[in-house]
Amino acid sequence: MTDGSVSTGIVREIGVNTWVWTSPLTTQHLGDMADRARRFGFGLLELPVENPDDWDPATAAEVLAGYGMGARIVGAMGPGRDLIDPLYRADTQDYLRHCVDVALAVGSPTVAGPFTAATGRVWRMDAGERSRVVETLLEALRPVADYAAERGVTLAVEPLNRYETSIINTVDQALEALDPCWIEASGWRWTAIT
């Protein structure tokens, strides 16, 4: 660059989540959402997977291609989705693997979301309990992360405020929980949403 500015080489794509306009997203609404987002100048549409059969990934891929738009997938950790609680862990892992499959179908390189416990599940933790909970989270996330990594999809773990979760509320907590050295050694691809 000749103007003295520094180029980072990072291209930032700007998108919008369909939750701005509707919930749950359905196949019927895909065209309207893509058209509206494109008219507002967005290049990406973030598609939430609230329930696995709400919308068809193949149709979404076709609709977005028609508008020249990309997709990003976001998981929804509603009631009954919880990696910490052993009662819900296996079903939650299956749901997150489904999100990875959806990401592949629509061409999304990421699946983002607060992949810890059901949104709204909060409790007080001391440092020892937090450490045990994070260890449980990593153990529960490992098979999902392995599944995603094998398919070239990055999991983007989203910190939520303290009224929505007790586990990962800040980027620092996400970085501490998802220690880059540990993640790199495991072969996972991940990011913390900032």
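Provided above is the structure to which this section pertains.
Predicted model, so just to flag it, every value in this text is computed and none were measured.

**Q** Help me understand the pairing of strand β2 (residues 44-49), please; the structure alone is not making it clear to me.
**A** Along any regular strand, the residues point their side chains to alternate faces of the sheet. For β2, a buried count of five out of six residues is recorded, marking the element as mostly surrounded by other parts of the structure. Both strand β1 (residues 15-17) and β2 contribute to a ladder of three bridges, which runs parallel. Within β2, the residue paired with Val 16 across the bridge is Leu 45. Assessed by its sense of winding, the connection that carries the chain from β1 through helix α1 (residues 30-39) to β2 is right-handed. Bridging between β2 and strand β3 (residues 70-75) involves six bridges; their strand directions are parallel. Directly across from Leu 44, in β3, lies its bridge partner Gly 70. Remark: the β2/helix α2 (residues 57-66)/β3 crossover connection has right-handed handedness.

**Q** Teacher, can you tell me more about the environment of Gly 80 here?
**A** One can find Gly 80 in the loop between β3 and α3 (89-106). For Gly 80, a relative accessible area of 30% translates into the label partly exposed. On a C-alpha basis, the gap between Gly 80 and Ala 117 in space is 8.7 Å, while along the polypeptide they are 37 residues apart. When residues no more than four places from it in sequence are discounted, the contact partners of Gly 80 are Tyr 88 and Thr 92.

**Q** Sorry, what's going on with α2 here?
**A** Since the α-helix advances by 3.6 residues per turn, residues separated by three or four positions end up pointing in the same direction. All of the buried residues in α2 are Pro 57, Ala 60 and Leu 64. Down the axis, α2 shows its buried residues gathered within 55 degrees of arc, on one side only. Of the exposed residues in α2, the ones pointing more than 90 degrees away from its buried face are Glu 62, Ala 65 and Gly 66. On the buried face of α2, the contacting elements are α1, β2, β3 and α3.

**Q** Even after reading the chapter, I still don't get the packing of aromatic side chains, so can you show me in this structure?
**A** In this description, a pair of aromatic rings is defined by centroid distance and the angle of the planes. A complete count under the given rule lists one aromatic pair for this structure. Considering the side-chain rings of Trp 21 and Phe 40, the 6.2 Å spacing of their centres and the 10 degrees angle between planes classify their relative orientation as stacked. One end of the pair, Trp 21, is in the loop between β1 and α1; the other, Phe 40, is in the loop between α1 and β2, with 19 residues separating them in the sequence. The ring centre of Tyr 95 lies 3.6 Å from the NZ or CZ of Arg 81, which sits over that ring. Geometry around Tyr 147 places Arg 151 over its ring, the cationic atom sitting 3.5 Å from the centre.

About the thresholds
- Residues numbered from 1 in each chain as written.
- Predicted model: local features only at pLDDT ≥ 70, side-chain atom pairs only at ≥ 80, totals over all residues.
- Heavy atoms only, no water.
- Buried < 20%, exposed > 50% of the residue type's maximum accessible area, 1.4 Å probe, protein only.
- Helix = DSSP H or I, 4+ residues; strand = E, 2+ residues; numbered from the N terminus.
- Pairing = 2+ DSSP bridges.
- Right-handed = clockwise from strand over helix to strand, strands pointing away.
- Contact = heavy atoms within 4.5 Å.
- Arc of directions from axis to C-beta.
- Phe/Tyr/Trp six-rings, centres within 6.5 Å; stacked < 30°, edge-to-face > 60°.
- Lys NZ or Arg CZ within 6 Å of the ring centre and 35° of its normal.

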